[in-house]
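A structural walkthrough
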Amino acid sequence: MKKAKKVSIIFGTRPEAIKLSPIILGLREYPQFESNVCVTAQHRELLDQVLSVFRIKPDVDLDLMRPNQGLSDLTARAISALDVYFKQYQPDLILVQGDTTTVLAASLAAFYHKIKIGHIEAGLRTWDKYSPYPEEINRVLTTHLADYHFAPTGWAKSNLIREGVPKERIFITGNTVIDALQIALKSIRNHQPDITGLTKSLLNRSDPRPLVLITGHRRESFGAGFESICQAIARLADRFPQTAFVYPVHLNPNVRKPVFKILSNRKNVHLIGPLSYLPFVALMDRCILVLTDSGGIQEEAPSLGKPVLVMRDRTERPEAIKAGTAKLVGTDSNRIFKSVSNLLTDPRAYAAMVNRKNPYGDGKASSRIIEILKRD
Ligand code: UD1
Ligand code: UDP
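Residues numbered from 1 in each chain as written. Chains lettered and ligands numbered in written order. Predicted model: local features only at pLDDT ≥ 70, side-chain atom pairs only at ≥ 80, totals over all residues. Heavy atoms only, no water.

**Details of the overall build of the protein chain**
Operational definition: Strands here mean DSSP runs of E at least two residues long; helices mean DSSP runs of H or I at least four residues long; both are numbered from the N terminus. Radius of gyration here uses only the C-alpha atoms, and the compact-globule reference equals 2.2 Å multiplied by the residue count raised to the power 0.38. Whether a residue is buried, partly exposed or exposed follows from its accessible area with a 1.4 Å probe, protein chains only, as a fraction of its type maximum: under 20%, in between, or over 50%, in that order. Throughout, a residue-residue contact means that at least one pair of heavy atoms, one from each residue, lies within 4.5 Å. Note that accessible areas follow from Shrake-Rupley with a 1.4 Å probe, and for residues the cover is restricted to the protein chains shown. For the charge count, each Lys or Arg is scored as positive and each Asp or Glu as negative, with His and the chain ends excluded. Where a charge lies is defined by one atom per residue type: Lys uses NZ, Arg uses CZ, Asp uses CG and Glu uses CD.
Helix and strand counts for the protein chain stand at 16 helices and 13 strands. Taken against the 2.2 N^0.38 rule, which gives 21 Å for 376 residues, the C-alpha radius of gyration of the protein chain at 20 Å falls within 12% of a compact globule. Each of the 376 residues in the protein chain was classed as buried or not, and the buried ones make up 58%. Restricting the contact set of the protein chain to residue pairs at least 6 apart, pairs at least 24 apart contribute 69%. Of the roughly 16,200 Å² of accessible surface on the protein chain, 52% is carried by carbon and sulfur atoms. Computed over 52 positive and 37 negative side-chain charges, the inter-centroid distance for the protein chain is 3 Å.

In structure tokens:
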């Protein structure tokens, strides 16, 4: 019998864990793969929340997160720790997802060991090296280290071709986040999760109060950008006292400081802890619109028919903008205030952004990726 292919799935943050969980669960079904889950734990609490939802226990946990970690420091520690892991486990192939420090460090360390690299969510680009920072450069570099490029959309594929990646190494698969979202939706339909800090009645779809869901964490917005975002939310909360503004705040201290300084003590602003995936999906399903700088949420929200206002100047996910379900609003306080106000007061503007067709996937991305790996 042919020897099983040794596949290491390597990740470190919340979004990577969400998007790789369907692959990890899928690979277990096939005896032709011996899979090994290695987490850098670039995130600790946010990662563990996802692992427990999908009931995944890592084989190796490098436990790298430090408070307020710097990019160079984390990258250096991740490369060193992964180097030791590769020496010991010696995989035939690694799978990485997206554009985090973990992705770049794992790809570089794997390349030094001449281990093959599969890059999931390949080909996203803004062509601005500082936006998102440092993710744009992380993904460009990863592209040039990778052997398999799993592009979520045709647009992502065309970006890779422009950079000289051979066509036969690029596979359009859809984004695995939709696979994860479908698993989550099935689960919350059977059991509506509780959320600490929010009443059951606010979570109920029949509650008449509109609910605006907010998240933010981008490094390029630290400082003035976050102050401005929070000022906009404060003004919105005052103008719309009957609307609930629910903000699960990221654990990054650069985010928490301005958010709690500016937004504490407003009755209709609910600052809560980062949510585990199932309650977060339940909130997305309940809300009227999402105000965010998150990549994953831009991909998920169209499946739930929720308009997304993206608090960034650029996005590497133009498909939803084109489809009309997402809009770039930057971090300028007046622009955010006006854009949210418009959607809350103009039913026609709101209806124009509701469309349940999702350009990012159909829930079958992970099985497509696994089929491609089985063939090779
Ligand atoms: C990282 C990714 C970004 C992704 C984001 C998802 C890079 C370069 N950036 O952001 O692409 O969108 O994660 O959220 O890899 N912290 C905790 N507990 C946690 C997680 C974070 O306390 O579970 C705090 C720590 O102080 C940590 C800090 O947040 O040092 C920053 O974490 P880090 O992963 O470095 O965040 P970003 O690089 O901003
Ligand atoms: N998410 C979550 N809990 C939260 C906020 C977000 O589970 O409190 C999920 C969200 O549904 C999406 C992912 O986390 O799948 C996005 O992560 P994040 O915004 O941190 O990173 P990005 O996608 O911007 O890289």
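Moving on, there is more to tell.
**Looking at the packing of helix α9 (residues 224–239) against helix α14 (residues 333–345)**
Geometry of a packed helix pair, given as the angle between the helix axes and the separation of the axes. The test is simple: Angles shown run from 0 to 180 degrees and are taken between the N-to-C directions of axes, each axis being a line fitted to C-alpha atoms and, for helices, limited to the stretch in contact. Handedness of each helix crossing follows the sense of rotation of the near helix against the far helix: counterclockwise by less than a right angle gives left-handed, clockwise gives right-handed. Note that Gly is not counted as nonpolar here; it falls among the polar residues with everything else outside the nonpolar set of Ala, Val, Leu, Ile, Met, Phe, Trp, Tyr, Cys and Pro and the charged set of Asp, Glu, Lys and Arg.
At a closest axis distance of 8 Å, the pairing of α9 and α14 adopts a crossing angle of 35°. Crossing of α9 over α14 shows right-handed handedness. On α14, the residues touching Ser-228, Ile-229, Gln-231, Ala-232, Arg-235, Leu-236 and Arg-239 of α9 are Ser-333, Asn-334, Ile-336, Phe-337, Val-340, Ser-341 and Thr-345. Residue composition of the contact of α9 with α14, by class: six nonpolar, six polar and two charged.

**Side note on the site of ligand 2**
Test applied: Here a residue is considered near a molecule or strand provided that any single heavy atom belonging to it is located within 4 Å of it. Polar contacts here mean pairs of N or O atoms no more than 3.5 Å apart (in protein, one a potential hydrogen donor and the other a potential acceptor; neighbouring residues in sequence count only if both atoms are side-chain atoms).
By nearness alone, 16 residues border ligand 2, and Leu-275, Ser-294, Gly-295, Gly-296 and Glu-300 come closest of all. Between an oxygen atom of ligand 2 and a side-chain N or O atom of Arg-14, the distance comes to 2.8 Å. In this structure, a nitrogen atom belonging to ligand 2 sits 2.7 Å away from a main-chain N or O atom of Leu-275. Look at ligand 2: alone it shows 550 Å² of surface, and the protein chains cover 94% of it. Every element with two or more residues in the shell around ligand 2 is listed here: α1 (14–27), α11 (277–286) and α12 (295–300). Considering every element that reaches the shell around ligand 2, the biggest residue donor is α12, with four residues. When grouped by side-chain class, the residues that make up the shell around ligand 2 number nine nonpolar, four polar and three charged.

**A few points about the site of ligand 1**
Around ligand 1, 25 residues are found, and the nearest of them are Gln-42, Glu-45, Arg-66, Asn-68 and Glu-135. Arg-66 is positioned such that a nitrogen or oxygen atom in its backbone is 2.7 Å from an oxygen atom of ligand 1. Take Thr-101: an N or O atom from its main chain is 2.8 Å from an oxygen atom of ligand 1. Residues belonging to the shell around ligand 1 are distributed by class as follows: eight nonpolar, ten polar and seven charged.

**Side note on empty space enclosed by the protein**
Selection criterion: A pocket here means an open set of points on a 1 Å grid, computed over the protein atoms alone, that has protein on both sides within 12 Å along at least five of seven lines. A cavity is instead a set of points where a 1.4 Å probe fits but cannot get out; residues with an atom within 4 Å of a point line either one. Grid points are joined across faces, edges and corners, and a volume is the space filled by probe spheres set on the points.
A complete count under the given rule lists three cavities of 30 Å³ or more for this structure. The calculated volume of the largest cavity comes to roughly 50 Å³. The residue inventory of the lining of the largest cavity, partitioned by class, reads five nonpolar, two polar and four charged. Put simply, the second largest cavity is a space of about 40 Å³. Considering the residues around the second largest cavity, the lining is formed by Gln-97, Ile-120, Glu-121, Phe-150, Pro-152, Thr-173, Gly-174, Asn-175, Thr-176 and Ile-369. Along the lines of polarity and charge, the residues of the lining of the second largest cavity split into four nonpolar, five polar and one charged.

**Notes on unusual backbone geometry**
Peptide bonds are, in most cases, trans, and in most cases residues other than glycine have a negative phi. At the junction of Ser-131 and Pro-132, the peptide bond is cis and its omega measures out at -5° in the coordinates. Structurally, Pro-132 is set in the loop between β5 (116–120) and α5 (135–145). A cis amide bond links Tyr-133 with the next residue in sequence, Pro-134, at an omega value of 5°. Within the secondary structure, Pro-134 is located in the loop between β5 and α5. In this structure, Asn-68 is a non-glycine residue whose phi angle is positive, near 50°. You can see Asn-68 is positioned in the loop between β3 (60–61) and α3 (71–89). Positive phi, close to 55°, is recorded for Lys-114, a residue that is not glycine.

**A few points about the layout of surface pockets**
The space that makes up the second largest pocket amounts to roughly 220 Å³. Lining the second largest pocket are 13 residues, and of these Gln-192, Leu-203, Asn-204, Arg-205 and Ala-282 sit closest to its centre. Mapped onto the lining of the second largest pocket, the elements with two or more residues apiece are α7 (176–190), α8 (200–203) and α11.

**Things to note about the pattern of salt bridges**
Stated precisely, the cut-off is as follows: Within this document, salt bridges are pairs made up of a side-chain nitrogen of Lys or Arg and a carboxyl oxygen of Asp or Glu, the two lying within 4 Å of each other.
Under the criterion given, the structure shown has 27 salt bridges. A salt bridge links Glu-121 to Lys-19, with the shortest nitrogen-to-oxygen separation between them at 2.7 Å. You can see Glu-121 sitting in the loop between β5 and α5 and its partner Lys-19 sitting in helix α1, a full 102 residues away along the chain. Relative accessible area serves as the criterion here: at 7%, Glu-121 is assigned to the buried category. Note that Arg-368 is salt-bridged to Asp-362, the shortest N-O span being 2.6 Å.

**Notes on the packing of aromatic side chains**
What counts is decided by this rule: When two rings of Phe, Tyr or Trp (its six-membered ring) have centres within 6.5 Å they constitute a pair, described as stacked for plane angles under 30 degrees, edge-to-face for angles over 60, and tilted for the intermediate range. For a ring to carry a charge above it, either NZ of a lysine or CZ of an arginine must fall within 6 Å of the ring centroid while also lying within 35 degrees of the normal to the ring plane.
Counted under the stated rule, the structure contains ten aromatic pairs. The lysine or arginine in question, Lys-6, covers the ring of Tyr-89, its NZ or CZ lying 4.5 Å from the ring centre. Cation over ring: Arg-169 sits above Tyr-148, and NZ or CZ is 4.8 Å from the ring centre.

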